[in-house]
Amino acid sequence: MTERAADGWRRFGPPVVLVAALLVGWEVYARASGISPFVLPSPTRVIAALWESRDEAFRHSLPTIVETVVGFAVSIAFAIAAAVAMDRVGIVRRAVEPLLVGSQTIPIVAVAPLVIVWFGFGLVPKILVVVLVTFFPITVALLGGFSSTDAAATDLMRSFGASSWQTFRKLRWPAGLPGLFTGLRISATYAVVAAVIAEYVGATDGLGIWMQLSQRSFRTDLVFAAILLTAILSIGLFAAVVAAERAIIPWYAASRGARQPERTSEAA
């Protein structure tokens, strides 16, 4: 086994084995217990139902993907703008930060129906729900990244006569990028779920409404199929963020990868 393959196994082997064990246990229990498939379908039954309804699954997946991608992109743009403004202007941070924290005390399941009532059943309310869910982690993580800028490097830039904007562009912004991608990874796991919640509250198509229709038709296997697609889309978005991180800040990914063997050897 090559070193690359061994590293891949160390990273992905344990979760793959755990998921496989859970699926096998679920399959065995669903078959051996005699429980009705309407209550708990086996994994093989879920996959079979998904394959039989693949056209419907594809039709409902497309709106969810569009809502997630557009909402996530809008959230990133607003979060970066807000974080930069809060970092550059102290009074903006003092005014906005309490509101950001307070916004997280409001349950999204309570806000989503109001957004649907205000903006209808189109694309806009779904995008707004995704933005509401993902905006806070990105903004806070980027602010944390800005705050991690080395003070000695900042003093050095000032001693060379760099302006405030030059210091931000050449020092604080690169220092904040790891924090930005940390926030993106966290938000990526919520974005698809936020779109599904918005669809569940009010929509004409999408995984959320498909899940609701399947539940009302007592097609528990299709409910699990919609959940499976939601998980796959979330993992895909997370993987896209990780790939973007490696492409945009390869130096950080390399330094983090270099620290991993050290932790492994220490644990051993």
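What counts, and where the lines are drawn
- Residues numbered from 1 in each chain as written.
- Predicted model: local features only at pLDDT ≥ 70, side-chain atom pairs only at ≥ 80, totals over all residues.
- Heavy atoms only, no water.
- Phe/Tyr/Trp six-rings, centres within 6.5 Å; stacked < 30°, edge-to-face > 60°.
- Helix = DSSP H or I, 4+ residues; strand = E, 2+ residues; numbered from the N terminus.
- Buried < 20%, exposed > 50% of the residue type's maximum accessible area, 1.4 Å probe, protein only.
- Lys NZ or Arg CZ within 6 Å of the ring centre and 35° of its normal.
- Core = buried A, V, L, I, M, F, W, Y, C linked by side-chain atoms within 4.5 Å.
- Contact = heavy atoms within 4.5 Å.
- Salt bridge = Lys/Arg side-chain N within 4 Å of Asp/Glu carboxyl O.

A. Layout of the packing of aromatic side chains. Evaluated as defined, the whole model comprises four aromatic pairs. Ring centres 5.7 Å apart and planes at 25° place the aromatic pair tryptophan 165 and phenylalanine 168 in the stacked group. Here phenylalanine 168 and tryptophan 165 lie together in helix H8 (residues 164-201), a separation of three residues that amounts to about one turn. We classify tryptophan 165 as partly exposed; its relative accessible area is 49%. Sitting over the ring of tryptophan 51, arginine 54 keeps its end group 4.2 Å from the ring centre.

B. Region of interest: the nonpolar core. With 34 residues, the main nonpolar core has Phe72, Val129, Phe135, Ile138, Leu180, Leu184 and Val241 as its most contacted residues. Every element with two or more residues in this core is listed here: helix H3 (54-88), helix H5 (108-119), helix H6 (123-147), H8 and helix H10 (220-248). When residues of this core are assigned to their parent elements, the largest contribution, eleven residues, is made by H6. Excluding its chain neighbours within four sequence positions, the residues that come into contact with leucine 180 are Ile80, Ile138, Ala141, Leu142 and Trp173. The next biggest cluster of nonpolar side chains, apart from the first, holds 14 residues, and it includes Val192, Val196, Leu222 and Ala225.

C. The pattern of salt bridges, seen in detail. Counted according to the given criterion, the structure contains five salt bridges. One salt bridge connects glutamate 27 with arginine 31, and the closest N-O pair in it is separated by 2.5 Å. One end of the pair, glutamate 27, and the other, arginine 31, are both in helix H1 (residues 3-32), four residues apart, so they sit about a helical turn from each other. The exposure class of glutamate 27 is buried, given its relative accessible area of 14%. We note a salt bridge from aspartate 87 to arginine 172, for which the minimum N-O separation is 2.7 Å. Pair noted here: aspartate 87 is in helix H3 and arginine 172 is in helix H8, with a separation of 85 residues, a long-range link. The exposure classification of aspartate 87 matches that of arginine 172, with both residues buried.

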